[in-house]
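# Residue-level structure breakdown
Here is how the chains run, residue by residue.
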Amino acid sequence: MRRTAARILGGFPMNQLQLFLPCAAGVEGYLADEVHQITGLTGHDLLTGRGGVLLRASWRDALLLNLYSRLAQRVLVQVGQRMYRSENDLYGMASEVAWEIWFTTRQSFKIEVTAQHSPLTSLNFAALKVKDAVADRFRHKSGARPDVDTQWPDVRIHMHLTTDEATLYIDTSGEALFKRGWREDKGDAPLKETLAAAMIAASGWDPHGDDPQPLYDPCCGSGTIAIEAAQIACCIPAGMRRRFAFEKMLPFQAHVWSAIKEEAASAIQASAVPIFGSDVSHRMVDFAQRNAERAGVAQAVQLRGGDALQRMPPCEQPGVMLLNPPYGERIAAAGSAGRNSAERMGQVERAGRETAQTEDGGEFFSQLASHWKKNYSGWTAWMLTPDLKLPGKMRLKESRRVPMWNGPIECRMFRFDMVKGALRDRPGERAPRAPAEGGGA
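Residues numbered from 1 in each chain as written. Predicted model: local features only at pLDDT ≥ 70, side-chain atom pairs only at ≥ 80, totals over all residues. Heavy atoms only, no water.

## Examining the overall build of the protein
When you go through the protein residue by residue, the secondary structure sums to 12 helices and 15 strands. Buried residues in the protein amount to 54% of all 441 residues. Nonlocal contacts in the protein, meaning residues at least 24 apart in sequence, comprise 78% of its contacts between residues at least 6 apart. For the protein, the exposed area adds up to about 19,600 Å²; of that, 48% sits on carbon and sulfur atoms. (Helix = DSSP H or I, 4+ residues; strand = E, 2+ residues; numbered from the N terminus. Buried < 20%, exposed > 50% of the residue type's maximum accessible area, 1.4 Å probe, protein only. Contact = heavy atoms within 4.5 Å. Areas by Shrake-Rupley, 256 points an atom, 1.4 Å probe, with all protein chains shown as cover.)

## Observations regarding the nonpolar core
By size, the foremost hydrophobic cluster in this structure holds 98 residues, and its most contacted members are Leu 19, Leu 55, Leu 90, Trp 102, Phe 103, Val 297 and Met 404. By residue number, the principal contributor to this core is helix 6 (residues 193-203), which donates 7 residues. Once you skip the residues sitting within four places of it in the chain, Leu 19 turns out to touch Val 53, Leu 54, Leu 55, Ala 57, Ala 62, Leu 65, Val 75, Leu 76 and Val 77. Core analysis: the second largest hydrophobic core is formed by 23 residues, Cys 315, Met 321, Ala 381 and Met 418 among them. (Core = buried A, V, L, I, M, F, W, Y, C linked by side-chain atoms within 4.5 Å.)

## Side note on helix 4 (residues 87-95)
Looking at helix 4, one finds that the buried residues are Glu 87, Leu 90, Met 93 and Ala 94. Taken down its axis, helix 4 places every buried residue within 115° of arc, on the same side. Packing partners of the buried residues in helix 4 comprise strand 4 (76-83), helix 5 (123-142), strand 6 (155-161) and strand 7 (165-171). (Arc of directions from axis to C-beta.)

## Observations concerning the pattern of salt bridges
One pass over the structure, following the stated rule, counts 19 salt bridges. Arg 56 is paired through a salt bridge with Asp 45; the nearest N and O atoms lie 3.0 Å apart. In this pair, Arg 56 is assigned in strand 3 (residues 52-57) and Asp 45 in the loop between helix 2 (28-39) and strand 2 (46-49), connecting sequence segments 11 residues apart. A residue is classified by how much of its surface remains accessible, and Asp 45, at 27% relative accessible area, is partly exposed. Among the charged side chains, a salt-bridge network with shared partners connects Arg 70, Arg 180 and Glu 228. (Salt bridge = Lys/Arg side-chain N within 4 Å of Asp/Glu carboxyl O.)

## Topic: the sheet that holds strand 6
Judged by pairing direction, the sheet is mixed, and its 7 strands sit side by side in the order 2-3-1-4-7-6-5 without closing on themselves. Looking at which strands have only one partner, the edges of the open sheet turn out to be strand 2 and strand 5 (109-115). Across the sheet, the axes of successive neighbouring strands diverge by a mean angle of 30°, strand direction being ignored. In this structure, strand 5 lies alongside strand 6, joined through 7 bridges in parallel fashion. In the strand pairing of strand 6, Glu 112 is matched with His 158. Sitting on the sheet, helix 4 is in contact with strand 4, strand 6 and strand 7, with an inclination near 135° to strand 4. Each of strand 5, strand 6 and strand 7 is contacted by helix 5, which is oriented at about 140° to strand 5, the strand it contacts most. (Pairing = 2+ DSSP bridges. Axes fitted to C-alpha atoms, helices over the stretch in contact; angles between N-to-C directions.)

## Considerations on the packing of helix 4 against helix 5
Following both chains from N to C, one finds helix 4 and helix 5 inclined at 30°, their axes separated by 8 Å at the closest point. Between helix 4 and helix 5, the crossing angle belongs to the class labelled roughly parallel. The two elements helix 4 and helix 5 cross, and the hand of that crossing is right-handed. Note on element contacts: helix 5 touches helix 4 through Phe 125, Ala 126, Lys 129, Val 130, Asp 132, Ala 133, Asp 136 and Arg 137, opposite Glu 87, Asn 88, Leu 90, Tyr 91, Ala 94 and Ser 95. Within the contact of helix 4 with helix 5, the residues separate by chemical class into 7 nonpolar, 2 polar and 5 charged. (Parallel < 35°, antiparallel > 145°, perpendicular 65-115°, else oblique. Left-handed = near helix turned anticlockwise from the far one by under 90°. Nonpolar A, V, L, I, M, F, W, Y, C, P; charged D, E, K, R; others polar.)

## A short note on the environment of Arg 145
Secondary-structure assignment places Arg 145 in the loop between helix 5 and strand 6. The spacing of Arg 145 and Ser 108 is 37 residues in sequence and 9.4 Å in space, taken between C-alpha atoms.

## What to know about the side chain of Glu 228
With respect to the helices and strands, Glu 228 occurs in helix 7 (residues 224-233). Here Glu 228 falls in the buried class, since its relative accessible area comes to 0%. Looking at Glu 228, its side chain comes within polar contact range of the side chain of Arg 180, at 3.0 Å. When sequence neighbours within four positions are dropped, the list of residues in contact with Glu 228 reads Arg 70, Arg 180, Glu 193, Ala 196, Ala 197 and Ile 200. (Polar contact = N/O pair within 3.5 Å; in protein donor to acceptor, adjacent residues only side chain to side chain.)

## Quick word on the packing of aromatic side chains
One pass over the full model with this rule turns up 13 aromatic pairs. Plain terms: the ring middles of Phe 246 and Phe 252 are 6.0 Å apart, the flat faces sit at 40° to each other, and that makes the pair tilted. Judged by its relative accessible area of 0%, Phe 246 falls in the buried class. Exposure remark for Phe 252: the relative accessible area of 14% places this residue in the buried category. (Phe/Tyr/Trp six-rings, centres within 6.5 Å; stacked < 30°, edge-to-face > 60°.)

## What about the confidence of the model for the protein?
Overall, the prediction assigns the protein a mean pLDDT of 86, with 83% of residues at 70 or greater. Confidence drops under pLDDT 50 across residues 329-359; counting only partners more than four residues distant or on other chains, this segment forms 81 contacts. Low pLDDT (under 50) marks residues 423-436, which in the prediction has 38 contacts with non-local residues, meaning those over four places away or in another chain. (pLDDT = per-residue confidence, 0-100.)

## Describing the pairing of strand 1 (residues 17-22)
Successive residues of a regular strand alternate their side chains across the two faces of the sheet. With 5 of 6 residues buried, strand 1 lies mostly within the body of the structure. For strand 1 and strand 3, the ladder comprises 6 bridges, and the chain directions are antiparallel. Of the residues in strand 3, the one forming a bridge with Pro 22 is Gly 52. The pairing of strand 1 with strand 4 spans 3 bridges and is classified as antiparallel. Bridging across to strand 4, Leu 19 finds its partner in Val 77.

See below:
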């Protein structure tokens, strides 16, 4: 079987795959840019869709995208698509897919179904019909069928249903790509690594550009933003420390994958720009430090404890502040100024983040803005929040706002340019590409 798969790899279909890379809403443009950088694909081979990017690519490209993409949620190979009216149509479509070129009866699989305005009454029954089709095809071809494992399958098969169209994908990633393989210590509300990478992309921060700037997260929690930034600065691929589903699939060739990873390892370098993180909870700083060590960037990130309302700039050169401050249910862990030390530290240890003075965080954010205007002249601050009134609470005028989703929560990334006692856009600066809305100096 391996030899057969290897021969297929040399021509159709493995070098003419239809790939779909889902991502968070608002990230599609950045993901398309990233895919172009990784694969070189352009034009009709690379299309930006709703909720992801579609591309015509090779099996090798699928491996590269799994390894390097910081923004995609998964790398899916489209293996079937047709119009449908009933579950029997889904069975027929799945029966025609050559599953035997992807995996064997010795491996387990799972069917996952998502739908948008599907007329079917039960997605579970739809998944059952596709499962039966896969099993029946294997039984017809070889006399045996693979097992189903809903917890830890070797192979995940995804089906997406619209009003009248069904699409089947085989998942080359396995666990979602935000799981980089380094996180063990986390707080109560950790930021997904893919969202942290999207924030970095939206900010336009580039550690490899002509004028690289320091990056600082003053509410770093378990270190997600700082660690993502440090891996980018050190050229460490997002997936360097994890395994992928494609490693168990028939087209997989170990020597090809080894060569790809060796090339990636040879490109790793020391960061040329300082990256900082701090948090009022020393417990969270310890988490961040251990995460940074596992991510291979302990030498590239400087992490310290300290209240965001009191922390002075971590370096003399102005840079970029990037933060996901506490909000909603997390606002009970926002800022700590004005509390006596014993009360503050008691709440910090319970909440794991800074503790707000008011229910909506207004006092914290207004004090934070005053602190920044007084001490962070020349810095640019980007804040991700679902609160559209945040600039008003900070008594600042944003110079840019970028729509972005944190899971099911609609958010905005606000950019504030710090000038002592006021804010304005930097003259002649061009904003990074983004599906942005409104906002001006």
